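Each chain is listed here by its residues.
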Amino acid sequence: MEAMAVNPSTSSTAIANHPSENLPSSSSIPRKPSPPLKPLLKVHQFPSHLDAPDISPTARTICEILTRASPQDIESALSSTGISPSPDIVEEVLRFSYHYPSSALKFFRWAMQAQKHTADAWNLMVDLLGKNQLFEAMWDAVRSMKQEGMLSTATFASVFGSYCTVRRSNEAIMSFDVMDRYGVQQDVVAVNSLLSAFCREENQTVKALEFIERIKMKIPPDVDTFIILLGGLEKEGNVLQAVRTFRGMVDGVGWSPKYMGAYDAFLMTLLRGAAVDEAIKFLQVMKGNNCLPGLKFFSNALDILIDQGNSRHAIQLWDIMVGSGLVPKLIMYNSMIGLLCNNDDIDNAFRLLDEMALNGAFPDSLTYNMIFQCLIKNKKVHEVSKFFVEMIKNEWPPTHSNCAMAIAMLFEGYDPETAVEIWNYMIENSIMPLDKSANALLLGLCKLGRLSELGSFADDMLERRVKIYDSTMENLKNAFYKEGRAARDKFDSLSRRWKAR
């Protein structure tokens, strides 16, 4: 480094006061353990000209020389091509030369003999050297850029990123501190560039927070500052610090629908961090300030809660969304109804079903079958019978598996008439396969002792080549054989046909 950090100004520039007293307290937010640190150094996947089909022929030729020629022969090999690289070619070559920085530097110097480099080419060279941890050479390039009058915040953003990638946070901060010595203004754009560099790395957002705490009186943060910080905290799952940062954002820049990116990141941090109650409280506050997130946020948030099986909070989130005038799509309704049914919340499942048409999201087969299955699972005999009629009326019949479960449950619930009705519907409308439903029907009739009716159904099933299970036949045999000779003969006849199938 050229110099140690310059002491920051103690200017009393104050952040505008936008009180956050109405925001929920963070005292009840659960603490989440910090994730384990990743390895210190990141393995870079630099782009190669070998993997770039659209690279220009001239740039490809130069890249081939840089990869194959020995270091001492590079300049002569380049000169022998007769190529006078244009600024665009120089930049293109540098973009594909990160794997061989020494050769790239020789090319850069060789090309400079013909014409001055652009600021973009210089920035690429600084980035290339920094990403390869050639920091002395990187600073040599920065000093040369200063002499050429080409330094900018973008140059230092690259320097910040190179240091942060290898966890050299002190050097990144010192680089910021000497910016003004190089004629580049230390403004909020530069601050945000450094924060971005920290937040892109694993578990480094704390460094960003420490830096902004140090510099905020000299350079007040803007909304992008908070978006960057909240994005980093979301990635790391730091709920408590996200709440503090969000409060600072409200106090610093107030409320605005333009800040939705920050709001989304903050709320997602809470949702993923088991602070769902707090997220819902903050949503209510945002709604009161006309800053409620859009449908995309609610869709992503509901996906998280659905993955967690959290129907209690999901329905609260859903009601906020719909109550605010947002119109869910069919896929969102089905996901939500599926969650409610998995949690046996039949009342809310029916409530959502009833409101679907009002919001232009018409139920489909999945919608009806999820609710039908939930009713079956909960042994709601009367409701199953009633809902089956509604499904048929709306031309969304039960699936064959739901039919089988319904028939079995209806016999257990002493509603054989509806069970038979479902079987007849399956036959009339070719709902295949029939095997499970057929066996459920036979076993149900068998338990009720309705052997004559059972025999008729069994005959019809065999004609249709429906598979009757061995275990079912054993149950039928026991039932028929208890009823005397005539019933035994009937079963034996049925059994011969069954064996001959």
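Residues numbered from 1 in each chain as written. Predicted model: local features only at pLDDT ≥ 70, side-chain atom pairs only at ≥ 80, totals over all residues. Heavy atoms only, no water.

1. Points about the pattern of salt bridges
Under the definition given, this model contains 17 salt bridges. Residue Glu 64 is joined to Arg 68 by a salt bridge in which the shortest nitrogen-to-oxygen separation is 3.1 Å. Residue Glu 64 and its partner Arg 68 are located together in helix α1 (residues 57–68), separated by 4 residues, close to a single helical turn. Members of the salt-bridge network, linked through shared partners, are Asp 459, Lys 490 and Arg 497. (Salt bridge = Lys/Arg side-chain N within 4 Å of Asp/Glu carboxyl O. Helix = DSSP H or I, 4+ residues; strand = E, 2+ residues; numbered from the N terminus.)

2. Notes on the confidence of the model for the protein
Per-residue pLDDT for the protein averages 91, and the proportion of residues at 70 or more is 91%. In this model residues 1–19 is a low-confidence stretch, pLDDT under 50, and it forms 41 contacts with partners more than four residues away in sequence or in other chains. A low-confidence stretch, residues 30–43 (pLDDT under 50), is modelled with 22 contacts involving residues beyond four sequence positions or located in other chains. (pLDDT = per-residue confidence, 0-100. Contact = heavy atoms within 4.5 Å.)

3. Thoughts on the nonpolar core
Of all hydrophobic cores here, the largest spans 171 residues; its most connected members are Phe 107, Phe 176, Phe 266 and Trp 423. With 9 residues, the single largest contributor to this core is helix α13 (residues 260–272). Beyond its immediate sequence surroundings of up to four residues, Trp 423 is in contact with Ile 407, Leu 434, Ser 437, Ala 438, Leu 441, Phe 457 and Met 461. (Core = buried A, V, L, I, M, F, W, Y, C linked by side-chain atoms within 4.5 Å. Buried < 20%, exposed > 50% of the residue type's maximum accessible area, 1.4 Å probe, protein only.)

4. Some details on unusual backbone geometry
A negative phi angle characterises most non-glycine residues, just as the trans form characterises most peptide bonds. The step from Met 432 to Pro 433 runs through a cis peptide bond, and the omega angle for that step is -5 degrees. Note on placement: Pro 433 falls in the loop between α22 (416–429) and α23 (435–447). Despite not being glycine, Ser 430 has its phi angle at roughly 55 degrees, a positive value. Checked against the element boundaries, Ser 430 lands in the loop between α22 and α23. One non-glycine residue, Arg 465, lies in positive phi territory at about 60 degrees.

5. Focus on the packing of aromatic side chains
Under the criterion given, the structure shown has 25 aromatic pairs. Ring geometry for Phe 108 and Trp 122: centres 4.9 Å apart, planes at 80 degrees, overall edge-to-face. Placement of Phe 108 in helix α4 (residues 101–112) and of Trp 122 in helix α5 (residues 119–131) is noted, with a sequence separation of 14 residues between them. There is no split in this pair, since Phe 108 and Trp 122 are both buried. A cation sits over an aromatic face here: Lys 477 above Tyr 481, 5.6 Å from the ring centre. For Arg 488, the ring lying beneath its charged end belongs to Tyr 481, and the centroid distance is 5.3 Å. (Phe/Tyr/Trp six-rings, centres within 6.5 Å; stacked < 30°, edge-to-face > 60°. Lys NZ or Arg CZ within 6 Å of the ring centre and 35° of its normal.)

6. A word on helix α25 (residues 470–481)
Here α25 spans 16 Å end to end across 12 residues, near enough to the 16 Å set by a 1.5 Å rise per residue. Residues Thr 472, Met 473, Leu 476, Ala 479 and Phe 480 constitute the buried set of α25. Considered in projection along α25, the buried side chains sweep an arc of 125 degrees and stay on one side of the axis. In this structure, the buried side of α25 is in contact with α23, α24 (451–463) and α26 (485–499). (Expected span 1.5 Å × (residues − 1). Arc of directions from axis to C-beta.)

7. Describing helix α7 (residues 153–165)
Its 13 residues place the ends of α7 18 Å apart at the C-alpha level, agreeing with the 18 Å of an ideal helix rising 1.5 Å per residue. When you tally the buried positions in α7, you get 11 out of 13 residues, the bulk of the element. For α7, the set of buried residues is Thr 153, Thr 155, Phe 156, Ser 158, Val 159, Phe 160, Gly 161, Ser 162, Tyr 163, Cys 164 and Thr 165. In this structure, the buried residues of α7 make contact with α5, α6 (135–148), α8 (169–177) and α9 (188–200). Downstream of α7 by a residue or two, Arg 167 has a phi angle that is positive, lying close to 60 degrees.

8. Here's the deal with the side chain of Glu 236
By secondary structure assignment, the location of Glu 236 is in helix α11 (residues 223–236). This buried residue, Glu 236, is left without a salt bridge; Lys 235 holds the nearest opposite charge, at 5.7 Å. Within the local environment of Glu 236, its side chain forms a polar contact with the backbone nitrogen of Gln 204, the two atoms lying 3.0 Å apart. (Lys, Arg positive; Asp, Glu negative; His and termini not counted. Polar contact = N/O pair within 3.5 Å; in protein donor to acceptor, adjacent residues only side chain to side chain.)

9. Notes on the environment of Ile 376
If you trace the backbone, Ile 376 turns up in helix α19 (residues 365–377). The class for Ile 376 is buried, based on a relative accessible area of 6%. Placed 27 residues apart in sequence, Ile 376 and Cys 403 show a C-alpha to C-alpha distance of 9.7 Å. Those residues in contact with Ile 376 that lie beyond four places of it in its chain are Val 384, Asn 402, Met 405, Ala 406 and Met 409.

10. Some words on the packing of helix α3 (residues 87–95) against α5
Running from amino to carboxyl end, α3 crosses α5 at an angle of 15 degrees, the nearest separation of the two axes being 9 Å. Here α3 lies roughly parallel to α5, going by the angle between them. Seen from above, α3 lies across α5 with left-handed handedness. Across the interface between the two elements, Val 90, Glu 91, Leu 94 and Arg 95 from α3 touch Asp 120, Ala 121, Leu 124, Met 125 and Leu 128 from α5. (Axes fitted to C-alpha atoms, helices over the stretch in contact; angles between N-to-C directions. Parallel < 35°, antiparallel > 145°, perpendicular 65-115°, else oblique. Left-handed = near helix turned anticlockwise from the far one by under 90°.)

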